[in-house]
Amino acid sequence: MRQILPLITLSIVMALAGQAQSSTTSGVLYEKGTKNEIFKFWALAMPKKGSPGVFHRRSEYIDIQTNKAAVTEVLTTVKGEFQKYVVQQSKINELWTVERKGDKVTFQRKINGKDEDVETEKWVENFVVAPTLMDFIVKNWQTILKDKDVKIRFAVPKRQETVGFKLRKYKETEKTFIVRMKPTSFVIRAIVNPVYLHIDKKTLKLSKTVGRVLPKRKVDGKYENFDADVVYQHKD
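Residues numbered from 1 in each chain as written. Predicted model: local features only at pLDDT ≥ 70, side-chain atom pairs only at ≥ 80, totals over all residues. Heavy atoms only, no water.

> Before we go on, may I ask you to explain the overall build of the protein in this structure?
Across its full length, the protein holds three helices and 18 strands. When the backbone C-alpha atoms are referred to their principal axes, the protein occupies close to 50 × 45 × 40 Å. Put simply, the protein has 236 residues, and 45% of those count as buried. Looking at the protein alone, contacts between residues at least 24 apart form 46% of all its contacts between residues at least 6 apart. Carbon and sulfur atoms provide 48% of the accessible area of the protein, an area that totals close to 12100 Å². Side-chain charges in the protein split into 44 positive and 27 negative, and the spacing between the mean points of these groups amounts to 2 Å. (Helix = DSSP H or I, 4+ residues; strand = E, 2+ residues; numbered from the N terminus. Buried < 20%, exposed > 50% of the residue type's maximum accessible area, 1.4 Å probe, protein only. Contact = heavy atoms within 4.5 Å. Areas by Shrake-Rupley, 256 points an atom, 1.4 Å probe, with all protein chains shown as cover. Lys, Arg positive; Asp, Glu negative; His and termini not counted. Charge placed at Lys NZ, Arg CZ, Asp CG, Glu CD.)

> I keep staring at the packing of aromatic side chains and nothing clicks. Help me out?
What the rule picks out here adds up to eight aromatic pairs. Ring centres of W123 and F127 lie 5.0 Å apart, and the angle between their planes is 45 degrees; on these two criteria the pair is classed as tilted. An aromatic cluster is built from F82, W123 and F127, whose rings are joined through pairwise contacts. K201 extends its terminal NZ or CZ atom over the ring of F177, reaching a point 5.0 Å from the ring centre. (Phe/Tyr/Trp six-rings, centres within 6.5 Å; stacked < 30°, edge-to-face > 60°. Lys NZ or Arg CZ within 6 Å of the ring centre and 35° of its normal.)

> Where do I start with the pattern of salt bridges in this structure?
Once the charged atoms of two side chains with opposite charge are near each other, the side chains can pair. In this structure the tally under the stated criterion is 14 salt bridges. Measuring nitrogen to oxygen at the nearest pair gives 2.8 Å for the salt bridge that ties K91 to D63. Separated by 28 residues along the polypeptide, K91 in the loop between β5 (81-89) and β6 (94-101) and D63 in strand β3 (residues 54-63) bring together distant segments of the chain. Note that E172 and K169 form a salt bridge whose closest N and O atoms lie 3.8 Å from each other. Through salt bridges with shared partners, a single network forms among D147, K169, E172 and K201. (Salt bridge = Lys/Arg side-chain N within 4 Å of Asp/Glu carboxyl O.)

> Can you walk me through the confidence of the model for the protein in this structure?
Should pLDDT be low for a region, the predicted coordinates there are not to be read in detail. Residues at a pLDDT of 70 or more form 91% of the protein, whose mean pLDDT is 90. For residues 1-9, every residue scores under 50 in pLDDT, and the model assigns this stretch 33 contacts once sequence neighbours within four places are set aside. Taken as a whole, residues 11-20 scores under 50 in pLDDT and shows 54 contacts with residues more than four places along the chain or in a different chain. (pLDDT = per-residue confidence, 0-100.)

Right, dumping it as structure tokens:
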């Protein structure tokens, strides 16, 4: 049976909304509800030199204890459309690849250098990977502001499939809108906490997320998923 808990693996680089120019993001992952720093990160989004219309977004999560990259992500888009998403999980020696091929999306998982079976799904317009989440939210911003649900098919590379989620405005403060990302499945919803996205009102960029993150932590000799508070800083 596939694991359910690793569902929500939100990427740092998803905070980079828009494809028009190079951007950088940095920040810190804190143990949830504390100021205990666990990972630092950087993310860079830029056009691919010599390839008009091709855009790359790359990020790394740096383990504070070892000062080594625990996770590396690379997103490729072509003319603003999703093409490929690759995640290297160094701590568990896994490589996950999600790629669009015509009207299909393929999911490939490599464990300790060995390929697993490739899974395939039909392409849908509300398909989202972590780094494209904010782009999708911005495109559907007016609907979210009307307190309406926006449904997505969120790619979960480890599970080699997409999972349904609903985005909805949850709360508003003086400077931010908080959007809740909640599983549509009752079974998954019963065991996975929603993710809360704090979005700056002026820039429509993420200032903070609360929920499941992509890196893993070692607990009793095993690497496990965890929730965290993530604080972002942006530079265009």
